[in-house]
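Chains, contacts and geometry: an overview
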Amino acid sequence: MRIVVTGGSGRLGRTLVTGLSDAGHEIVSIDREPTGDLDRPGITQFSLDLTDADATASALAGTKADALIHLAAIAVPFSAPEDVILRTNAALAQSVLGGAVRAGIHRVVAASSPTVIGYGAPRGWTPERLPLDEASPAEPWNAYALSKLLIEQTVAMLQRQTGDDVRFASFRPCYVIAPEEWAGAPTQQGHTVLERLDDPALSAPALFNYVDARDVAGFADTLLAALDDIPNGEVFFVGADDALARRPLSELLPRFHPGTEKAAAALTGSAPAFSSAKAARLLGWHPTHTWRTELVSAAAPASAPAS
């Protein structure tokens with residue numbers, strides 16, 4: 001396919017774009033600034049103010065794309081004033097997703113976030129059950145989480161406008177770890193993966209969830225191929241099959257999230273707090289990367305040169 005990716009210069013975007021390119025797709029990456037990481041055959045980059053709805057629709061029409069994946073957003077909670085986060089992310093959703101429909105793109109996918117669930121709320125959060133899945137209630141408590149739920153609702157709104165003429169889906173990627181971060185590059189919050197494992201307090205705010213960016217690229221490739229064959233407008237969690245923790249979450253979650261004792265009892269062994277079972281059931285997708293193997297691979301010394 002010819003696929004437009006907004007936010008292709010970002011942490012997840014770079015891996016997703018290169019992964020889809022490696023899978024044989026032709027990619028157009030749109031971001032505020034191009035990146036040298038994507039300078040390769042089969043990938044075109046250009047910059048655009050994606051909040052300009054008319055310019056965005058015109059640019060998307062010019063790409064003659066088969067599909068669009070919308071990643072562009074303020075990507076970190078509380079990294080800007082709450083009103084700026086909400087206004088920016090909501091405007092981007094309407095401009096890009098609405099623009100894709102106006103441009104005649106028939107496969108449209110949007111990135112949301114697990115934060116829509118509302119864990120970490122200042123007045124407490126007590127899930128009825130764990131692991132969390134797509135049937136768990138959305139209860140956002142900050143502007144970032146609300147903006148991500150608005151992205152999902154924008155997809156639903158456009159689906160009601162277009163019916164099955166356009167195939168839609170949303171996905172909620174867990175805490176993204178880019179390939180270079182296994183080798184010690186800082187993660188989104190500035191800590192290394194190893195530091196997040198050594199100090200559970202660092203991963204506790206995100207419920208110890210994570211996903212390798214390469215697995216997200218594989219999910220996106222699988223999803224786009226299946227959009228015509230699954231119910232329209234589905235939402236998917238996309239995460240690793242284990243938790244980013246050395247101890248079971250049945251022990252760790254109650255320590256950092258009081259009130260979760262009963263629900264967390266189900267999370268024994270390495271079980272994660274978020275389930276990707278729906279993606280496995282509808283798409284046949286399974287993550288292939290885990291911290292247990294990736295950290296070992298990243299730390300392995302280079303082979304000695306042959307004598």
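Quick caveat: nothing in here was measured; it's all calculated off a predicted structure.

Attention shifts here to the pattern of salt bridges. According to the stated counting rule, one finds 17 salt bridges in the structure shown. In this structure, Glu152 and Arg172 form a salt bridge, with 2.7 Å as the shortest nitrogen-oxygen distance. With Glu152 in helix 4 (residues 143-162) and Arg172 in strand 6 (residues 167-173), this pair connects stretches of sequence that are 20 residues apart. The salt bridge involving Arg167 is made with Asp164; its shortest N-O contact spans 3.4 Å. Take Asp164: its relative accessible area is 54%, and that puts it in the exposed class. Beyond isolated ion pairs, a larger network of salt bridges with shared partners links Arg14, Asp37 and Glu180.

With that out of the way, let us pick up the packing of aromatic side chains. According to the stated counting rule, one finds nine aromatic pairs in the structure shown. Look at Phe78 and Trp141: their rings are 5.8 Å apart centre to centre, the planes differ by 40 degrees, and that puts the pair in the tilted class. Here Phe78 is found in the loop between strand 4 (67-70) and helix 3 (82-102), whereas its partner Trp141 is found in the loop between strand 5 (107-111) and helix 4, with 63 residues between them in sequence. With a centroid separation of 5.2 Å and 50 degrees between ring planes, the pair formed by Phe237 and Phe274 is classed as tilted. With Phe237 in strand 9 (residues 234-238) and Phe274 in the loop between helix 9 (261-264) and helix 10 (277-283), this residue pair connects regions lying 37 residues apart in the sequence. Each member of the pair, Phe237 as well as Phe274, carries the same accessibility label: buried. Put simply, the rings of Tyr119, Trp125, Phe237 and Phe274 touch in pairs and so form one group of aromatic residues. Between Arg196 and the ring centre of Tyr175, over which it is positioned, the NZ or CZ distance is 4.0 Å. Directly above the aromatic system of Phe236 lies the positively charged group of Lys278, at a separation of 5.3 Å from the ring centroid.

In low-pLDDT segments, the atomic positions of the prediction should not be examined closely. Summarising the model, the protein shows a mean pLDDT of 95, and 97% of its residues fall at 70 or more. This stretch, residues 302-307, has a pLDDT under 50; its non-local contacts, to residues over four places away or in other chains, come to zero contacts.

Right, let's get into the pairing of strand 6. Buried residues dominate strand 6, accounting for seven of its seven residues. Sheet topology places strand 5 next to strand 6; five bridges connect them, and they run parallel. Pairing of Arg107 across the sheet is with Arg167, part of strand 6. Viewed along the sheet, the connection from strand 5 through helix 4 into strand 6 turns out right-handed. Relative to strand 9, strand 6 runs parallel, the two sharing five bridges. Paired with Phe171 across the strands is Phe236, a residue of strand 9.

Rules behind the numbers
Residues numbered from 1 in each chain as written. Predicted model: local features only at pLDDT ≥ 70, side-chain atom pairs only at ≥ 80, totals over all residues. Heavy atoms only, no water. Salt bridge = Lys/Arg side-chain N within 4 Å of Asp/Glu carboxyl O. Helix = DSSP H or I, 4+ residues; strand = E, 2+ residues; numbered from the N terminus. Buried < 20%, exposed > 50% of the residue type's maximum accessible area, 1.4 Å probe, protein only. Phe/Tyr/Trp six-rings, centres within 6.5 Å; stacked < 30°, edge-to-face > 60°. Lys NZ or Arg CZ within 6 Å of the ring centre and 35° of its normal. pLDDT = per-residue confidence, 0-100. Contact = heavy atoms within 4.5 Å. Pairing = 2+ DSSP bridges. Right-handed = clockwise from strand over helix to strand, strands pointing away.

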